Amino acid sequence: MLTDNFDRKAMLEDWAYEYIVPAFRSYNLKVELLEFTTNEFINNPNSDNFTLLKMRYIEAYLGWQKVSMFDIGKAEEIGLRNYTNIYPTDTTAIKNNITSQDYNLELPSNFDTQGFPALDFLLYGIASTESEIIDILSTPPYQLYLGDLVTRLFDLTQEATYDWELTYAGSFINNDGSSGTASVDKLVNDFLFYYERYLRAGKIGLPAGVFSGNAIAQSVEAPYSGIYSKGLFLTAFEAVHHFFEGRSFDGLGKFMSLKDYLNHISMENNSDDIATKIIEQWTQVSLAAAELDNNLKDQVINDNMAMLSVYDELQKAVVVMKVDMMQALNIQIDYVDADGD
């Protein structure tokens, strides 16, 4: 039987205060700037303000990639991920919402009419030229919807961030007595689920046609702005890597991590070095991803084999994580993934 006297509670403290809370604070600030810039554009819709708005949009979207894996606590309770980044966005429903001005963004039926994917459409996809987009966004119905989208995004982000800062971090660390075992089990499952469902499948596998048999280029993340889709994937992948390896969300700090935990188990039990296997496989992911076009929509259309190659490398890590890692940590998988892997 494997032994495990690792200090899980100390690891939970590091997870909370060295990564998760600072990452949410940074993201919250970016969304706050996005809201401020959106209001500036609505009040004065010119080219300079539009350029700044698009810059704040992608800064916030990249910031989201660093916290999306933490669907726990208030974020899970309020459905933060579903209201923030469900794609492909439903452009027909968005237009209907704008035309009717009769919509409730709190309803699950509007998951795919808001968040960053909806902003991607409004800022890049409603017309073919920037001047036309600015003209359309200058009309009252579009101004109202744009403002409502960003305000809701900010309100949800602030709620999740403040909960981590003021309440949830303490209960997260102390969950299940001194060991914190329940929180470790919960977050490791969420981490693995995020990697499998949203990083591997959502960002790469689904648009590449892995599960449907047919490539769906429009299903990539941020298809209207186009050039950001690879960067969003790489940022999310880097965030997963940093959290696993114990590097802070900005890559500068160091904290107790899943890698440390797995290394401890390996040394205590003279067992396989699972952490190194995972990290080495992620190196192969990085090499395959380096071949992708910055615009993943174009990549799917022009050379989908490169997307399939990235998916295959991501999938190889799933096997090690889902079987070897979870067995070593003595954690039961608490979700069912129905995509056939």
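Keep in mind that this is a model prediction, so the values were computed, not measured.

**Student:** Account for the overall build of the protein, naming residues and giving values.
**Tutor:** Scanning the protein for helices and strands turns up 14 helices and zero strands. Its C-alpha atoms give the protein a radius of gyration of 21 Å, near enough to 20 Å, the size a compact globule of 341 residues would have. Dimensions of the protein, computed from C-alpha atoms along their principal axes, come out at roughly 65 × 45 × 35 Å. Across the 341 residues in the protein, those meeting the buried criterion constitute 55%. Across the protein, contacts joining residues at least 24 apart in sequence account for 76% of those joining residues at least 6 apart. Side-chain charges in the protein split into 23 positive and 50 negative, and the spacing between the mean points of these groups amounts to 2 Å.

**Student:** Break down the environment of Asp112 for me, with residues and values.
**Tutor:** With respect to the helices and strands, Asp112 occurs in the loop between helix H5 (91-100) and helix H6 (115-124). As a C-alpha pair, Asp112 and Thr89 span 23 residues in sequence and 4.8 Å in three-dimensional space. Dropping the residues within four chain positions of it, Asp112 is found in contact with Ile86, Pro88, Thr89 and Asp90.

**Student:** Run through helix H10 (residues 229-245), naming residues and quoting values.
**Tutor:** With 17 residues, H10 extends 24 Å between its outermost C-alpha atoms, agreeing within 8% with the 24 Å of an ideal straight helix rising 1.5 Å per residue. Looking one or two residues beyond H10, the residue adopting positive phi is Gly246, at roughly 90°.

**Student:** For the packing of aromatic side chains, give the residues involved together with the corresponding values.
**Tutor:** A complete count under the given rule lists 28 aromatic pairs for this structure. Arranged with centres 6.0 Å apart and planes meeting at 65°, the rings of Tyr19 and Phe255 form a pair that is edge-to-face. Remark: Phe255 occurs in the loop between H10 and helix H11 (258-269) and Tyr19 occurs in helix H1 (residues 8-43); sequence separation between them is 236 residues. A relative accessible area of 0% places Tyr19 in the buried class. Given a relative accessible area of 4%, Phe255 falls into the buried group. Plain terms: the ring middles of Phe191 and Phe243 are 5.7 Å apart, the flat faces sit at 45° to each other, and that makes the pair tilted.

**Student:** Which residues make up unusual backbone geometry, and what values do they have?
**Tutor:** Note that the residue after Tyr87, namely Pro88, is joined by a cis bond; omega there is 5°. Here Pro88 shows up in the loop between helix H4 (80-84) and H5. A positive phi angle, close to 55°, is found at Gln101, a residue other than glycine. Among the secondary structure elements, Gln101 is positioned in the loop between H5 and H6. For Gln101, a relative accessible area of 46% puts it in the partly exposed group.

What counts and how
- Residues numbered from 1 in each chain as written.
- Predicted model: local features only at pLDDT ≥ 70, side-chain atom pairs only at ≥ 80, totals over all residues.
- Heavy atoms only, no water.
- Helix = DSSP H or I, 4+ residues; strand = E, 2+ residues; numbered from the N terminus.
- Rg over C-alpha atoms; globule rule 2.2 N^0.38 Å.
- Buried < 20%, exposed > 50% of the residue type's maximum accessible area, 1.4 Å probe, protein only.
- Contact = heavy atoms within 4.5 Å.
- Lys, Arg positive; Asp, Glu negative; His and termini not counted.
- Charge placed at Lys NZ, Arg CZ, Asp CG, Glu CD.
- Expected span 1.5 Å × (residues − 1).
- Phe/Tyr/Trp six-rings, centres within 6.5 Å; stacked < 30°, edge-to-face > 60°.

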